[in-house]
Amino acid sequence: MSVRRSNAPHEIVERALELSRADATVVIAEEDSTANLRWAANALTTNGVTRGRRVTVIAVVGASSGVVSRTAVTVEELEPLVRAAEEAARQSPSAEDARPLIEGVPASPDFTAPPVETSSDVFMDFAPALGETFARARAEGRELFGFASHAVVSTYLGTSSGLRLRYDQPAGSVELNAKSPDRARSSYVTVPTDDFRDVDPAALDADVATRLRWAERRIDLPAGRYQTLLPPTSVADLLIYQHWTADARNAHEGRTVFSKPGGGTRVGERLTALPLTLYSDPAAAGVETAPFTVARSSADFFAPATSVFDNGQPLARADWIEDGVLRRLPTTRHTAELTGLPGAPLADNLVLEGGGPGSLAEMVAATERGLLITSLWYIREVDPKTLLVTGLTRDGVYLVENGEVTGVVNNFRFNESPVDILGRATEAGRTERCRSREWGDFFSRTAMPALRVPEFNMSSVSPGV
Amino acid sequence: MPRTIDESFLSLPLRQLADAALARARALGADHADFRLERVRSATWVLRDARPAGAEDTTDTGYAVRVVHGGSWGFAAGVDMTMDGAARVAAQAVAMAKLSAKIIAAAGSDERVELAPEPAYGERTWISSYRTNPFDIPDGDKTGLLTEWSERLLAADGVSHVDARLWAVQENKFYADTAGTVTTQQRVRVLPELTATAVDTESGRFDSLRTLAPPAGRGWEYLTGTGWDWDAELAAIPELLAAKMAAPSVEAGTYDLVVDPSNLFLTIHESIGHATELDRALGYEAAFAGTSFATFDQLGTLTYGSEIMNVTGDRTVEHGLATIGWDDEGVRTQSWDLVKDGTLVGYQMDRRIARRQGFERSNGCAFADSAAHVPLQRMANVSLQPAPGGPDTEELIAGVDRGIYVVGDGSWSIDMQRYNFQFTGQRFFRIEKGRLAGQLRDVAYQATTTDFWGSMEAVGGPQTYVLGGSFMCGKAQPGQVAAVSHGCPSALFRGVNILNTTQESGR
């Protein structure tokens, strides 16, 4: 007598593995739920709740792989999905990164448990407080714009080599932007959160209101090189991009900033005189992430060092930069062999440590004259040889004189390299959990210090506010 | 060749789910409700040095219900393909509208959602213009062609690496609303792209050239000779790459620029396309993508550029990536003027914004990239019009004493009000006394939008016009991506600021 299966994700995984006729198979079932609120000019504009399921089948036939994903798949619809992956594998030439599937990782004890979900209930306390914040902002003559988002993804990974792994990843954030009624002044703050219990809209509003007041005195400065204090969110903006472009194979082939003239990579080279350590660690407090590799593609648009054959590979702490010295570049099992570099799979978080105990406010207090940046925006690569990127300051560049903010400065376009910034930084502050404004939607788990960077290249003045 | 809507999409319970959702929304008191079931199949095939480096084939299916209830929006999306499931999602959308109303009331706001009128069209079907659906071609043929192209490039002297990528999308949308419009639509688009890289290991220098073929609202025929000459482009790349590696670094300063359509499309996208989105101009994107210098009070008076500047918004052009029959609010798509003789005369808008700003009708710019996302005001195909009987590119170059001819898009960045931008490209040719005089490297041009378009002295004729575009234009929160085309001729700009990117890096 056959047993009727449910649409429970672990049963989807088991059924797809049973159906497979490939030489080896990986099945990834992801259950996601989201809730969001968006507002402009002190009023909600859009909102939404969603539920979704994506099932990815990676079929291996010989040394070829086929990857097919479908959303909204029920257990009855699995067979066409599995056959499509097998057919894609049969039509594909041998994959360079083909390796035996990972084995021997102990099963997650909660593999058969139902997925974790979010809903609009996550905003139960936040939403009314947000409404009151709108009312206060309206009464005090500021416009608020922003977005609150919460998502939970439960990932179930099963392989024909016996792995049964599962991870629940919450991710939430709030962005709050305040403008003066004439929209000539603008301020901004963004914070990450797991569950919205630690977010106080009134406190965020007080923060942006203070910054709007700072902007009541305006100072126009020309383009040039300035001592600049980069807040943790901007350090995250720059180092996430550096991390995405740090692929070991590309460096080994001579086509990144981490390539060494004459051949090889810059691993072993000192990048900064500060004792900074940049690492990924699935267990890092506050930015925890999946302790195993989940790869739905061997050609990820953002992170080249991925391989579908590495699914389920255990992840541990990887020090990319250790005490200022480049120690590792991201590898798959395949590219570690190809480059002769140590295996260093990507994890979904990034931490920079090794600065002093000072907060950003304390670094401001210790500044004779410099610029305090709120956030960076529209960061794009200009030259891969130096990893020169361009972008703009946004929502508040403040002039610091004799340890105090004395006014707001016009915005700038900058041209700088994250690698050079690390090399030139003269001070790092206390590491804190933060959210990249530019990349936070794609890479949300970061902890960074503020950096003091002399001679930051403000290439031109940007009249936008 | 006659095309039909994919039978496997039509076999989904489209009408039943829509009826269940709309009936539930009506019963719960919604003033307006719309239902959208979407299936988006997106696949990529990637090769590295002519060997497979990854492929994926993702089909995203789901549906969404959006309501106006008590003057507020409510939105919910789901994947449960049962009538009960659809009704449940409709109830969630109403619940979200009620939550919004509470927050709006607490804020003391009197803002209410109202929609500009649009005729009810009954049942309509629309299919984009293509010959062969790329998903009807075996995967082996696709990777086979990419392999052959990669090997051609790798066989040439000086080419160290070749990266190849083909991206294909088939998008099906079913839409029904409480006014009585029911549309079923299908679009296909492709983006083939090859990048050749040269590496001088000893010096550590490297550089690359990417193909100029734009993404297109076409099918597999785009890779086999219709709409682009691949043989000619691939044959030219090795020599161009070698010249780029040997090129001198540009001297920073002020130059006249002749900008090829393969570069100018992206400048149009960033400095005109996004700047003339009315939701941005009003502040609805303020916290994320930003606002616009082209504020609503300047409609009809803002001097955007020189008098030869004429820009249209268009969601109807054949093979356009933003082309469709009806938008995600049931509005029939149109074309219209954005900039006329250098003056701002129009915006892109959706039904809510149109009503709010006193327009009679939306111009059909509401669009969502999947069922999981709410429709937002999205870019039409925004295009710079050529000059009838205008010059060709050589004639434009002939009018320059000291300048640079810019070809292909590279890096792009613009500020949050669409003033200050910086662009690079794929190839830069020095112009001396009206003639090309070899390539330059390390070039970026930087300007503010109105200065740049004000410096446009000549636009090329229709013979120089190319419909370029982007596959991945990002906007909104939660983030959405959309494909959009931009047509333009070659054009001549006087006195543009050129940076040396190596000097910018402090070296």
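Since we're looking at a predicted model, the values are computed, not measured.

Rules used throughout
- Residues numbered from 1 in each chain as written.
- Chains lettered and ligands numbered in written order.
- Predicted model: local features only at pLDDT ≥ 70, side-chain atom pairs only at ≥ 80, totals over all residues.
- Heavy atoms only, no water.
- Helix = DSSP H or I, 4+ residues; strand = E, 2+ residues; numbered from the N terminus.
- Pairing = 2+ DSSP bridges.
- Contact = heavy atoms within 4.5 Å.
- Axes fitted to C-alpha atoms, helices over the stretch in contact; angles between N-to-C directions.
- 1 Å grid on protein atoms, 1.4 Å probe; cavity = no way out; pocket = protein on both sides within 12 Å on 5 of 7 lines; lining within 4 Å.
- Points joined across faces, edges and corners; volume = space filled by probe spheres on them.
- Nonpolar A, V, L, I, M, F, W, Y, C, P; charged D, E, K, R; others polar.
- Left-handed = near helix turned anticlockwise from the far one by under 90°.
- Core = buried A, V, L, I, M, F, W, Y, C linked by side-chain atoms within 4.5 Å.
- Buried < 20%, exposed > 50% of the residue type's maximum accessible area, 1.4 Å probe, protein only.
- Expected span 1.5 Å × (residues − 1).

### Structural notes on unusual backbone geometry
So, point 1. With an omega of -5°, the peptide bond running from B:Gln477 to B:Pro478 counts as cis.
So, point 2. Along the chain, B:Pro478 turns up in the loop between strand E20 (466-475) and strand E21 (480-488).
So, point 3. Despite not being glycine, A:Glu455 shows a phi value in the positive range, around 60°.
So, point 4. Within the element layout of this structure, A:Glu455 appears in strand E20 (residues 451-462).

### Regarding the sheet that holds strand E11 (residues 325-326) of chain A
Residues and elements named next belong to chain A.
So, point 1. Taken together, the six strands give an open sheet; going across it, the order is E11-E10-E9-E12-E19-E18, and neighbouring strands pair in mixed fashion. At either margin of the open sheet sits one strand with a lone partner, and together these are E11 and strand E18 (432-434).
So, point 2. Across two bridges, the pairing between strand E12 (residues 350-353) and strand E19 (residues 446-448) is parallel. Residue pairing across strands places Val 351 opposite Ala 447, the latter belonging to E19.
So, point 3. Lying over the sheet, helix H5 (residues 232-244) contacts strand E9 (277-280), strand E10 (318-322), E12, E18 and E19, oriented at roughly 120° with respect to E19.

### Here's the deal with the layout of surface pockets
So, point 1. When its volume is computed, the second largest pocket comes out at roughly 940 Å³.
So, point 2. If you trace the second largest pocket, you find 39 residues lining it, with A:Arg70, B:Asp6, B:Ser8, B:Arg39 and B:Arg41 closest to the centre.
So, point 3. Of all elements in the fold, only strand E3 (64-71) and helix H2 (78-91) of chain A together with strand E1 (32-48), strand E2 (51-69) and helix H4 (139-154) of chain B reach the threshold of two or more residues within the lining of the second largest pocket.
So, point 4. The biggest single contributor to the lining of the second largest pocket is H2(A), with six residues.
So, point 5. Of the residues in the lining of the second largest pocket, the class split is 16 nonpolar, eleven polar and twelve charged.

### Some words on the packing of helix H2 (residues 14-27) of chain B against helix H3 (residues 83-106) of chain B
All names here are of chain B.
So, point 1. In the contact formed by H2 and H3, the axes pass within 8 Å of each other and the chain directions differ by 35°. Considering how the two elements wind past one another, H2 and H3 form a crossing that is right-handed. Contact residues: Gln 16, Leu 17, Ala 20, Ala 21, Arg 24 and Ala 25 in H2; Met 83, Ala 86, Ala 87, Ala 90, Ala 91 and Val 94 in H3.
So, point 2. In terms of residue class, the contact of H2 with H3 is made up of ten nonpolar, one polar and one charged.

### Details of the nonpolar core
A general trend in soluble globular proteins is that nonpolar side chains are found buried together.
All names here are of chain B.
So, point 1. Counting 66 residues, the largest nonpolar core has Leu 264, Tyr 304, Leu 384, Ile 404, Tyr 445 and Trp 453 as the members making the most contacts within it.
So, point 2. Broken down by element, this core gets its largest block of residues, five residues, from helix H6 (residues 261-273).
So, point 3. Once residues within four sequence positions are removed from consideration, Leu 384 is found in contact with Leu 264, Ile 268, Met 309, Asn 310, Val 311, Trp 453, Met 456, Val 459, Tyr 465, Gly 487, Cys 488 and Pro 489.

### Notes on the pairing of E10(A)
Residue and element names in this part refer to chain A.
So, point 1. Counting buried positions along E10 gives four out of five residues, so the element sits mostly inside the fold.
So, point 2. Two strands pair when backbone bridges link them, and E9 and E10 are joined in this way by three bridges, in the antiparallel orientation. Residue pairing across strands places Ser 280 opposite Ala 318, the latter belonging to E10.
So, point 3. Hairpin connection from E10 to E11: two residues lie between these consecutive antiparallel strands, with Asp 323 at a positive phi of about 50°.

### Description of the sheet that holds strand E10 (residues 335-340) of chain B
Residues and elements named next belong to chain B.
So, point 1. Strands sit in the order E11-E10-E9-E14 across an open sheet of four strands; the sheet is antiparallel. Every interior strand has two partners, whereas the edge strands, strand E11 (343-344) and strand E14 (381-384), have only one.
So, point 2. Judged from the two bridges that link them, E10 and E11 form a sheet pairing that is antiparallel. Following the sheet pairing, Val 339 is matched in E11 by Leu 344.
So, point 3. Against the sheet, H6 engages strand E9 (311-314) and E14, with an angle of about 115° to E14.

### Description of the pairing of E14(B)
All names here are of chain B.
So, point 1. Here E14 shows two buried faces, one formed by Asn 381 and Ser 383 and the other by Val 382 and Leu 384.
So, point 2. One ladder, built from four bridges, connects E9 with E14; its direction is antiparallel. From the neighbouring strand, Thr 312 faces E14, where its bridge partner is Ser 383.

### Digging into H3(B)
Side chains of residues three or four places apart in an α-helix project in the same direction, reflecting 3.6 residues per turn.
So, point 1. Spanning 24 residues, H3(B) covers 35 Å between terminal C-alpha atoms, matching the ideal 34 Å at 1.5 Å per step.
So, point 2. Within H3(B) the residues assigned to the buried category are B:Gly85, B:Ala86, B:Ala87, B:Val89, B:Ala90, B:Ala93, B:Val94, B:Met96, B:Ala97, B:Ser100, B:Ile103 and B:Ile104.
So, point 3. On the buried face of H3(B), the contacting elements are strand E1 (24-40), strand E2 (43-61) and helix H3 (126-139) of chain A together with H2, E2 and strand E3 (72-78) of chain B.
So, point 4. B:Gly108, located one to two residues past H3(B), shows a positive phi value of around 75°.

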